[in-house]
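Residue-level listing of the chains:
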Amino acid sequence: KAGVTQTPRYLIKTRGQQVTLSCSPISGHRSVSWYQQTPGQGLQFLFEYFSETQRNKGNFPGRFSGRQFSNSRSEMNVSTLELGDSALYLCASSYHADYKLSGRGNEQFFGPGTRLTVL
Amino acid sequence: AQKITQTQPGMFVQEKEAVTLDCTYDTSDQSYGLFWYKQPSSGEMIFLIYQGSYDEQNATEGRYSLNFQKARKSANLVISASQLGDSAMYFCAMRGPDSWGKLQFGAGTQVVVTP
């Protein structure tokens, strides 16, 4: 079974530009979550999509947005890039669809990440 | 609010020895899930093990086991027979019942395995 894929793997942008990152979940997974990882702030949750609906959102400005398509693939967009947006952006997919937290099906599998550098 | 604490910023382990990575959590929820991930220098976050709060037995996955002590709110990861390839950052994470896909991560523990 193929894992979570993210494209591109590396990006260099300048301040003020916008960027779109893509994530393809594991086949059969309908939940996709996005995280930002920086040395200073660690891993921070951006948002989560399930069946094309945003179910949860972290504390990030409106410049960060996302969407999910009918095939569960997800994109996140950052507009008006700032230097502080330089980070590793990780996408994760999961099968879980409800409150059940016991046993299998709750694992969240991550992609290799997109490393964004803003100059 | 949920909080994950990993008190060991870094540790050295000799090859073939077992190592325990500490993780404590704070939550008022009765139902929650606990995760451990490994992140090598390449950056990819690798899932290791999962424990649900109502799961009666401690989770095990190959050389990884989770020492779940619910009353103490701890979920320590035990790696048996360390290998050089185990050198990485290890993160403990938690998900609550209303969190859907949101994981709350600890700060991580850097493990270096020496020959």
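Structure: above.
Below or above, wherever it landed, is the structure these notes cover. (Residues numbered from 1 in each chain as written. Chains lettered and ligands numbered in written order. Predicted model: local features only at pLDDT ≥ 70, side-chain atom pairs only at ≥ 80, totals over all residues. Heavy atoms only, no water.)

1. Points about unusual backbone geometry
Residues and elements named next belong to chain A. The criterion, for reference: Think of it this way: any DSSP run of H or I at least four residues long counts as a helix, any run of E at least two long counts as a strand, and we number them from the N terminus. Type-normalised accessible area, obtained with a 1.4 Å probe on protein chains alone, sets the label of each residue: buried when under 20%, exposed when over 50%, and partly exposed for intermediate values.
Here the residue pair T7 and P8 is connected by a cis peptide bond, since its omega of -10° sits within 30 degrees of zero. Position of P8 among the secondary structure elements: in the loop between strand 1 (5–7) and strand 2 (10–13). Phi at E52 is positive, roughly 70°, even though this residue is not glycine. With respect to the element layout, E52 can be found in the loop between strand 5 (42–50) and strand 6 (53–57). Since its relative accessible area comes to 47%, E52 is described here as partly exposed.

2. A look at the packing of aromatic side chains
For clarity, the threshold we go by: Note on ring pairs: Phe, Tyr and Trp rings are taken, using the six-membered ring of Trp, and paired if centres are within 6.5 Å. Classes follow the plane angle, with under 30 degrees stacked, over 60 edge-to-face and the rest tilted. Criterion for a charge above a ring: Lys NZ or Arg CZ within 6 Å of the ring centre, and within 35 degrees of the ring normal.
Counted under the stated rule, the structure contains 14 aromatic pairs over all chains. The interplanar angle of 65° and the centroid separation of 5.3 Å between the aromatic rings of F109(A) and F47(B) together place this pair among those described as edge-to-face. Here F109(A), found in strand 10 (residues 108–110), pairs with F47(B), found in strand 6 (residues 46–52), and the two come from separate chains. Residue F47(B) is classed as buried on the basis of its relative accessible area of 15%. An aromatic cluster of at least three residues, connected via ring pairs, comprises Y35(A), F45(A), F109(A), F110(A), F35(B), Y37(B), F47(B), Y50(B), F91(B) and F105(B). The ring of Y64(B) has R63(B) lying over it, and the distance from NZ or CZ to the ring centre is 5.6 Å.

3. Thoughts on the environment of I26(A)
All names here are of chain A. Within the element layout of this structure, I26 appears in the loop between strand 3 (19–24) and strand 4 (31–38). Classification of I26 by relative accessible area gives buried; the value is 10%. For the pair I26 and V4, spaced 22 residues apart in the sequence, the C-alpha separation amounts to 5.2 Å.

4. A few points about the state of the cysteines
A covalent bond bridging the sulfur atoms of two cysteines is what the word disulfide describes. Residues and elements named next belong to chain B. Rules: The disulfide criterion used throughout: a pair of cysteine sulfur atoms within 2.5 Å.
Tallied over the entire structure, the rule returns 2 disulfides over all chains. Linked covalently through their sulfurs, C23 and C92 form a disulfide whose S-S length is 2.0 Å. Judged by the sign of its S-S torsion, about -65°, the cystine formed by C23 and C92 is left-handed. Taken together, the residues C23 in the loop between strand 3 (19–21) and strand 4 (24–26) and C92 in strand 10 (residues 88–95) connect sequence positions 69 residues apart.

5. Overview of the nonpolar core
To keep it simple, the criterion reads: Throughout, nonpolar core names a set of buried Ala, Val, Leu, Ile, Met, Phe, Trp, Tyr and Cys residues whose side chains join them through atoms within 4.5 Å. Working rule for contacts: check all heavy atoms of both residues, and any pair within 4.5 Å makes them a contact.
Counting 24 residues, the largest nonpolar core has Y25(B), W36(B), I49(B), L77(B) and Y90(B) as its most contacted members. At 4 residues, strand 10 of chain B tops the list of elements feeding residues into this core. With residues near it in sequence (within four places) discarded, Y25(B) still touches K3(B), I4(B), Y32(B), L34(B), F68(B), Q69(B), K70(B), K73(B), S74(B), A75(B) and M94(B). If you look at the next biggest cluster of nonpolar residues, it comprises 21 residues, including L11(A), A87(A), C91(A) and V118(A).

In short, geometric facts, not functional conclusions.
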